[in-house]
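Spelled out, the chains give:
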Amino acid sequence: FVQKANRENLRSGTTSVVIMITSTQLLVGWVGDSQAILARNQTHIDIMTPHKPDREDEKKRIEDLGGCVVWFGAWRVNGTLSVSRAIGDATHKPYVSGEPDVKSLPLDGTEDFVIIACDGLWDVIPPWEAVEVVVDYVKDFGIDADATAKHLVTQAVDRGSQDNVSVVIVFFEDGPLVTSCRPPKEEQSAIFPIPIAVSPEAQAILERLDRSVRGAQDSPEPTTETTSNQVKCVT
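Presented here is an overview of the structure given in this document. Since the model is a prediction, treat every value here as computed from it, not as a measurement.

**Here we look at the sheet that holds strand 9 (residues 101-106)**
- One open sheet holds the 3 strands; their spatial order is 2-3-9, and the pairing between them is antiparallel. Strands with a single pairing partner mark the edges of an open sheet, and in this sheet they are strand 2 (16-21) and strand 9. Direction aside, neighbouring strands of the sheet carry axes that sit 15° apart on average.
- With 6 bridges joining them, strand 2 and strand 3 (residues 25-31) adopt antiparallel strand pairing. Bridging across to strand 3, Ile 21 finds its partner in Leu 26.

Okay, here's the thing in structure tokens:
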């Protein structure tokens, strides 16, 4: 890729973060300062450390290669990029590495969701607060990954983020947050054919009405006979 970039004068780059969820573990791989965080029991869990130039191991790697990390509004590699690893950015290799970090985390069933986002979100909303924003939104409006992600983006923009803001949220279907937000078990009756959620007291009333309606439905059909201008029911 570096050869292709040099040949075709490609100068841009990007960061990346990827997660894979299995039945027993969460795996995350990343290059750059895009970040994924885990919410467990409505509390944020750091599962990775973004590639920033001021990270001690990153700073040492860059300096060992002959580069430098300097402050210019933010910590920057050779005074330019504020990220120490990226896909692309061929002119900044090898100081800005394209090698990813990979990490795995066991799952214990208490996981609620994962937030995956670029630095435009994390620059203005810290991980712990992002989790609170998601939890509050879900409790008010229910589980909707797209709508919740858009809400986080709006929050970041309203707080003055000047960078790209891309957000993906993945909810754990059997996690405690999703489970707690599910409506009560739906009940169906002959009177109300559309499933509805009811209290035990209301259910008892419905059951009595159901028995009455079903009993009437099982009775012989009434016949009618017409006399002049009247219709008379005969049982």
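Having seen the structure, we can now continue with the description.
**Remarks on the environment of Gly 142**
- You can see Gly 142 is positioned in the loop between helix 4 (127-141) and helix 5 (145-158).
- In this structure Gly 142 comes out as partly exposed when scored by relative accessible area, which is 21%.
- Distance in space between the C-alpha atoms of Gly 142 and Cys 181 is 6.4 Å, their sequence separation being 39 residues.

**Some points on a nonpolar patch on the surface**
- Taken together, the side chains of Phe 1, Val 2 and Leu 10 define a hydrophobic patch exposed on the protein surface, amounting to about 260 Å² of accessible area.
- Here Val 2 is to be found in helix 1 (residues 2-8).

**A few points about helix 2 (residues 56-64)**
- Taken together, the buried positions of helix 2 are Glu 58, Arg 61 and Ile 62. End-on view of helix 2: buried residues confined to an arc of 95°, all on one side of the axis. Seen from the open side of helix 2, the exposed residues pointing more than 90 degrees away from its buried face are Glu 56, Lys 60 and Asp 64.
- Those residues of helix 2 hidden inside the fold are in contact with strand 6 (69-71) and strand 7 (75-77).
- Taken from the residues just after helix 2, Gly 66 is the one with a positive phi, measuring 100°.

**Quick word on the pattern of salt bridges**
- A complete count under the given rule lists 12 salt bridges for this structure.
- Ionic pairing is found between Glu 58 and Arg 61, a salt bridge with its closest N-O pair at 3.1 Å. Highlighted residues: Glu 58 and Arg 61, both in helix 2, separated by 3 residues, approximately one helical turn.
- The class of Glu 58 is buried, set by a relative accessible area of 1%.
- Here Arg 85 makes a salt bridge to Glu 58, at a shortest N to O gap of 2.8 Å. With a gap of 27 residues between them, Arg 85 in the loop between strand 7 and strand 8 (87-88) and Glu 58 in helix 2 connect regions that are remote in the sequence.
- Looking at Arg 85, the relative accessible area reads 9%, which means it is buried.
- Sharing partners across several salt bridges, the network here consists of Arg 55, Asp 57, Glu 58, Arg 61, Arg 85 and Asp 101.

**A closer look at the environment of Val 102**
- Mapped onto the elements, Val 102 comes out in strand 9.
- Taking the C-alpha atoms as reference, Val 102 lies 8.6 Å from Met 48; in sequence the two are 54 residues apart.

How each quantity is defined
- Residues numbered from 1 in each chain as written.
- Predicted model: local features only at pLDDT ≥ 70, side-chain atom pairs only at ≥ 80, totals over all residues.
- Heavy atoms only, no water.
- Pairing = 2+ DSSP bridges.
- Helix = DSSP H or I, 4+ residues; strand = E, 2+ residues; numbered from the N terminus.
- Axes fitted to C-alpha atoms, helices over the stretch in contact; angles between N-to-C directions.
- Buried < 20%, exposed > 50% of the residue type's maximum accessible area, 1.4 Å probe, protein only.
- Patch = residues over 30% accessible without salt bridge, like charges linked within 9 Å, V, L, I, M, F, W, Y side chains within 5 Å.
- Areas by Shrake-Rupley, 256 points an atom, 1.4 Å probe, with all protein chains shown as cover.
- Salt bridge = Lys/Arg side-chain N within 4 Å of Asp/Glu carboxyl O.
- Arc of directions from axis to C-beta.
- Contact = heavy atoms within 4.5 Å.

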